[in-house]
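Take a look at the letters that make up each chain.
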Amino acid sequence: MFLRNYAVSKALDSLLGFARTQGQRLSKYGSLFLTIVVCIVALGLGIFAVGDLQVVDLQAQQMYAVSVLGLRHIGELQYEAQETRRSTLYALTTNDSNRQLEYADQSRAADRHVTEGIAEYLKQAGIPQEIAMGHNLEADWADYLKIRDEVLASILEGSAKEAVDLDLKGGVPSFDRVRQDLDSIKRLYDERAAQQLALVDTSSRRSIYRLITVLTLTISFACISIWLVQRSRLAAALQLARLQMDFVASISHELRTPLSVIRSAAENICDGIVDNAEQLTGYGSMIRNQTRQVTDLVNQILLFAATRQRKQAYALTSVPFSQVLDSVTENISELLRDGGFVLEQHIDPDLPELLADPAALTQCLQNLVVNAIKYSGSSKWIGIFASHSTSENKVLIRVQDRGIGIAHSELKRIFEPFYRSPAVSAAQIHGTGLGLALARNIAQAMAGDILVQSELQSGSIFTIQIPVSPESQLRVRAKGFTTKASSTSK
Ligand code: ADP
């Protein structure tokens, strides 16, 4: 007795543990999923922001290459042109022929740099305005060099006065033109640099706005996700608490009711209220029924806990369905008789044997039949039909009732442990919400399953599918072969 009580309390613990782990698993996987989503979204947004920054950086680099380097190049050209001019002027202002020669050489060296610089500028010039300005500069520089060469020749020949006149007349105006050309090219570069700067400015501002939006979105998304995770955790905890309360309430009700009936029957007998044999028989049968109810409940809980912990290893053998059906009808005969039920049964004549554990399959079928009785409403009819599905090679056992039926929205949930339809709880139809979960566990442990079809107010059909036993399969094949052989020999 002590051992049995201990086992029941272990089973109850295990059941509550199951409910708890279900809730925790739900919230754990929900949180994990949300965390992964947050990471993916944050990563996506981060990649987008980095890509955007790279575009702005590229634009800035292009601007630097085109405008800043261009301006530097023009600055160098200006310097070398000035150097050409300056060396010529130095040659004009000295009477030392050696110095004159040296300055002439310096001027020529500087002019080569300018000529090469102009050629380089023309090579990289892209827009028509740039090209036109480059050609202008090239022509004006060539004009100036022509005059400069004449000036240097006069200096080296010793005609200083002639050289000064030549320079004043031709050199000064032609060098002014070169200077103006260089200034206009510089202005053009300045304008382009300003435009590019404005462009980079706009796109970096756009990029900052995008970055702010991305950050705001990421933070909001993370906040919403955290809120959702917390909410789902709270919902799971509430669901668990509700489940525990419902379970404890229904179990204590299912235990207390028969126990108080047994107690009052026993008290009546002890107090001598029962004084004749007929009454005594009535009380005896009442005590037997209630004891059976409590035993069934305890067995149901123990079995469910055992199947959940995968303790249940079924010994599968070849079983004729009639054997299982007989056990079930015997077990529920009283229930049927007391309720005034009609049980219609039909087994296909060629039904092969099943590969099952007879006791477990009896429990599974009995759960469905007891449900059919419990939820039959005003109809007092129950059907049990067994047939062979050759396509699936399974035996199909249908338990049918014409009772209250199940709403479509609930069909998915009725196999969940502890689930009870609110309608049946409200109608005070007792139960633990474990019968179907246990029945399906048993069927699945035997490589089968349970399916359901139901219409509210029309009734339900629960179908147990169990594999055909291999021996029975061989027998069916051999029989088919013999029949074929005998018909051909005729
Ligand atoms: P219990 O019957 O103890 O509540 P079950 O797991 O056997 O637990 O059934 C779960 C729920 O499925 C029931 O509460 C009921 O709402 C619904 N149900 C099961 N069988 C039937 C049936 N034959 N007709 C109508 N509803 C059913």
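Thresholds, definitions, all that
- Residues numbered from 1 in each chain as written.
- Predicted model: local features only at pLDDT ≥ 70, side-chain atom pairs only at ≥ 80, totals over all residues.
- Heavy atoms only, no water.
- Helix = DSSP H or I, 4+ residues; strand = E, 2+ residues; numbered from the N terminus.
- Buried < 20%, exposed > 50% of the residue type's maximum accessible area, 1.4 Å probe, protein only.
- Core = buried A, V, L, I, M, F, W, Y, C linked by side-chain atoms within 4.5 Å.
- Domains from an automatic or database assignment.
- Contact = heavy atoms within 4.5 Å.
- Expected span 1.5 Å × (residues − 1).
- Near = heavy atom within 4 Å.
- Polar contact = N/O pair within 3.5 Å; in protein donor to acceptor, adjacent residues only side chain to side chain.
- Areas by Shrake-Rupley, 256 points an atom, 1.4 Å probe, with all protein chains shown as cover.

1. Brief notes about unusual backbone geometry
Here Gln428, not a glycine, exhibits a phi torsion of approximately 60 degrees, which is positive. Residue placement: Gln428 occurs in the loop between helix H8 (422-426) and helix H9 (435-445). Exposure remark for Gln428: the relative accessible area of 58% places this residue in the exposed category. Look at Gln457: it is not a glycine, yet its phi comes out positive at around 65 degrees. Looking at the element boundaries, Gln457 is found in the loop between strand S6 (449-455) and strand S7 (459-467).

2. Looking at the nonpolar core
Ranked by size, the top nonpolar core spans 51 residues in total, and within it Phe321, Leu365, Ile450 and Ile464 carry the most contacts. Considering each element in turn, this core owes the most residues, eight residues, to helix H7 (residues 358-374). Both domains that furnish three or more residues to this core are identified here as domain 1 (2-19 + 243-306) and domain 3 (315-489). Every residue in contact with Phe321, bar those within four places of it in the chain, is listed here: Ile347, Leu351, Leu354, Leu365, Ile384, Ala386 and Ile397. Core analysis: the second largest hydrophobic core is formed by 18 residues, Leu77, Val114, Tyr121 and Leu122 among them.

3. Section: helix H3 (residues 128-157)
Between its first and last C-alpha atoms H3 spans 43 Å; for 30 residues at 1.5 Å apiece the expected length is 44 Å, and the two agree. Just beyond H3, the residue with positive phi is Gly158, at close to 90 degrees.

4. Comments concerning the site of the ligand
Inspection of the region around the ligand gives 20 residues, with Asn371, Tyr375, Arg420, Thr432 and Leu436 positioned closest. Here a nitrogen atom of the ligand and a side-chain polar atom of Asp401 are 2.9 Å apart. Here Ser460 contributes a side-chain N or O atom positioned 3.5 Å from a nitrogen atom of the ligand. Expressed as a share of its isolated accessible area of 530 Å², the protein-covered part of the ligand is 98%. Taken together, the elements giving at least two residues each to the shell around the ligand come down to H7, H9 and S7.

Honestly, that's just the spatial picture; any functional story needs more than this.
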